[in-house]
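Inside the fold
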Amino acid sequence: TNIAAKGLSGNPVIESVRNFFWPIERLVLMTAEEGAQTSLLCATAPNLLGGEYYRDCRVAEASAEAADQSVRQALWKANQEWLASVS
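Remember, predicted model here, so these are calculated numbers, not experimental data.

Here the focus is the overall build of the chain. Helices and strands together make up the secondary structure of the chain, namely four helices and two strands. The order of helices and strands in the chain, counted from the N terminus, is α-α-β-β-α-α. Looking at the chain as a whole, 5% of its 87 residues are labelled buried. As displayed, the chain offers around 8,100 Å² of accessible surface, 59% of which is attributable to carbon and sulfur atoms.

Below you can see the structure in the form of structure tokens.
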């Protein structure tokens, strides 16, 4: 076969900018490990309530859009159409 795998490093300009702002980012952003905690909790904790919205490993209030019936119906319809197209 004529297939080649390639590995690339990130853009050095972006890396330089990221490195410059890293001290500020550390103050306001989570690490990947910290950011994954809520997803891991929801995927593995058998005693969590279904149908709830979780943030920072706790039940939290979702956005106003989540409570909007017309938004919910449009999302449900879009999901149904997508599922039908890939089935």
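Let us now look at the pattern of salt bridges. In total, this model carries one salt bridge according to the counting rule given. With its nearest N and O atoms 3.9 Å apart, the salt bridge here joins Glu81 to Lys77. With Glu81 and Lys77 both in helix 4 (residues 69–86) and four residues apart, the pair spans about one turn of that helix. Accessibility expressed as a relative area gives 48% for Glu81, which makes it partly exposed.

The subject of this paragraph is the side chain of Thr38. Assignment of secondary structure puts Thr38 in helix 2 (residues 32–44). Within the structure, the side chain of Thr38 is placed 2.9 Å from the backbone nitrogen of Cys57, a separation counted as a polar contact. Setting aside residues no more than four positions away along its own chain, Thr38 makes contact with Tyr54, Arg55, Asp56 and Cys57.

A few words on the packing of aromatic side chains. What the rule picks out here adds up to one aromatic pair. Arranged with centres 5.0 Å apart and planes meeting at 85°, the rings of Phe20 and Phe21 form a pair that is edge-to-face. For Phe20, a relative accessible area of 63% puts it in the exposed group.

This structure, assessed with the given rule, holds zero disulfides. Lacking any disulfide linkage, Cys42 is separated from the closest cysteine sulfur, that of Cys57, by 7.6 Å. In this structure Cys57 comes out as partly exposed when scored by relative accessible area, which is 36%.

Helix length check: helix 2 (13 residues) gives 18 Å between terminal C-alpha atoms against 18 Å at 1.5 Å per residue, within 8%. Approximately 35° is the largest bend angle found in helix 2, and it occurs at Thr38.

Analysis parameters
Residues numbered from 1 in each chain as written. Predicted model: local features only at pLDDT ≥ 70, side-chain atom pairs only at ≥ 80, totals over all residues. Heavy atoms only, no water. Helix = DSSP H or I, 4+ residues; strand = E, 2+ residues; numbered from the N terminus. Buried < 20%, exposed > 50% of the residue type's maximum accessible area, 1.4 Å probe, protein only. Areas by Shrake-Rupley, 256 points an atom, 1.4 Å probe, with all protein chains shown as cover. Salt bridge = Lys/Arg side-chain N within 4 Å of Asp/Glu carboxyl O. Polar contact = N/O pair within 3.5 Å; in protein donor to acceptor, adjacent residues only side chain to side chain. Contact = heavy atoms within 4.5 Å. Phe/Tyr/Trp six-rings, centres within 6.5 Å; stacked < 30°, edge-to-face > 60°. Disulfide = S-S within 2.5 Å. Expected span 1.5 Å × (residues − 1). Bend = angle between axes of the 7 residues up to and from the residue.

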